[in-house]
Amino acid sequence: MEETTFSSSESESYQSVSRSAIASLLLGFCGLGAFFLSFLVVLPVLGVVFGIIAIRSIRRFPDELQGHQFAVAGSILCLAAVVLAPTYHAYVYFTEVPDGYERLDFALLKASDSSDFPPAEALDFNGKQVFIKGYIHPTSMDNAMSKNFVLVPDLGTCCFGGQPPLTHMIEVKLTGDQYARKSYRKQRLAGTLKVTPNKKPVDGLDGVFYQLKADILK
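Calculation criteria
Residues numbered from 1 in each chain as written. Predicted model: local features only at pLDDT ≥ 70, side-chain atom pairs only at ≥ 80, totals over all residues. Heavy atoms only, no water. Helix = DSSP H or I, 4+ residues; strand = E, 2+ residues; numbered from the N terminus. Polar contact = N/O pair within 3.5 Å; in protein donor to acceptor, adjacent residues only side chain to side chain. Phe/Tyr/Trp six-rings, centres within 6.5 Å; stacked < 30°, edge-to-face > 60°. Buried < 20%, exposed > 50% of the residue type's maximum accessible area, 1.4 Å probe, protein only. Lys NZ or Arg CZ within 6 Å of the ring centre and 35° of its normal. Pairing = 2+ DSSP bridges. Expected span 1.5 Å × (residues − 1). Arc of directions from axis to C-beta. Axes fitted to C-alpha atoms, helices over the stretch in contact; angles between N-to-C directions. Parallel < 35°, antiparallel > 145°, perpendicular 65-115°, else oblique. Left-handed = near helix turned anticlockwise from the far one by under 90°. Contact = heavy atoms within 4.5 Å. Nonpolar A, V, L, I, M, F, W, Y, C, P; charged D, E, K, R; others polar.

A. Inspection of the environment of Ser183 at higher detail. On the secondary structure map, Ser183 appears in the loop between β8 (180-181) and β9 (187-202). Along the chain, Ser183 and Thr87 lie 96 residues apart, while their C-alpha atoms are 26 Å from each other. Of the polar contacts made by the side chain of Ser183, one reaches the backbone nitrogen of Arg185; its length is 2.9 Å.

See below:
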């Protein structure tokens, strides 16, 4: 009986590329988004896990699986993102507040009950120089560029429009030659906050309790 033999190149053609290796590499590239949105760091974390699984599987079944280089590259890329992205965000957080301004979070401005009235913590910020981050409400700008707009805390409020709660809005007026552009990018502003117990009417919205005379727009 004649024995059938296979060449080395023919046997290699039956090897399949590890799916975990490909997943690790793809998650590594997608994980670069963690430098822009911190919560995306979960992607490179998953990529490291897939990379380890792929490397182990390929070493255990070298005749059946290939893609070791993809697994190594994906793991390195994911590890870099896992380490560097949080470091970058920490650096930005600790250096983004201009001198002379105090960090203010929207959470301190939001009403804790259904009254939708500024809480006591918010009233304490009246007249203070603050630094705050948020998004431009789409209906608060008639033109592509403006010195006046309304700032809201999150993309949900920003993207879907409508009337946000009153304590979720800040009317912003830019000073100097600064202009804001319509954008879904997070805005960083520094200026003097005014908190009033009486609602101030705003075109297109019910009104605001908070007003910011902004000296800096980032």
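Read on, since the account is not over.
B. Region of interest: the packing of aromatic side chains. This model, assessed by the stated rule, comprises 3 aromatic pairs. Pairing Tyr93 with Phe94 gives two aromatic rings, centres 5.3 Å apart and planes at 90°, and the pair type is edge-to-face. Where Phe117 meets Phe209, the ring centres are 5.5 Å apart and the plane angle is 70°; that geometry is what we call edge-to-face. One end of the pair, Phe117, is in the loop between β3 (102-103) and α5 (120-123); the other, Phe209, is in strand β10 (residues 205-217), and 92 residues separate them in sequence. Overall, Phe209 belongs to the buried group, its relative accessible area being 5%. Its guanidinium or amino end placed over the ring of Phe125, Lys128 lies 5.3 Å from that ring's centre, counting from NZ or CZ.

C. Region of the structure containing the pairing of β10. Relative to β10, strand β7 (residues 170-174) runs parallel, the two sharing 5 bridges. What sits directly across from Leu174, in β10, is Ala214. Both β9 and β10 contribute to a ladder of 9 bridges, which runs antiparallel. The residue of β10 that forms the bridge with Val195 is Tyr210.

D. Helix α3 (residues 42-60), seen in detail. Between its first and last C-alpha atoms α3 spans 27 Å; for 19 residues at 1.5 Å apiece the expected length is 27 Å, and the two agree. Turning to α3, its buried residues number three or more, namely Pro44, Gly47, Val48, Gly51, Ala54, Ile55 and Ile58. Seen along its axis, α3 keeps its buried residues to an arc of 130°; they face one direction. Away from its buried face by more than 90 degrees, α3 exposes Arg56 and Arg60.

E. Focus on the packing of α3 against helix α4 (residues 68-95). For the pair α3 and α4, interaxial distance at closest approach is 8 Å and the crossing angle is 155°. In terms of orientation, α3 lies roughly antiparallel with respect to α4. For the element pair α3 and α4, the recorded crossing hand is left-handed. Note on element contacts: α4 touches α3 through His68, Ala71, Val72, Ser75, Cys78, Leu79, Ala81 and Val82, opposite Pro44, Val45, Gly47, Val48, Gly51, Ile52, Ala54, Ile55, Ile58 and Arg59. Partitioned by chemical class, the residues of the contact of α3 with α4 number 13 nonpolar, 4 polar and 1 charged.

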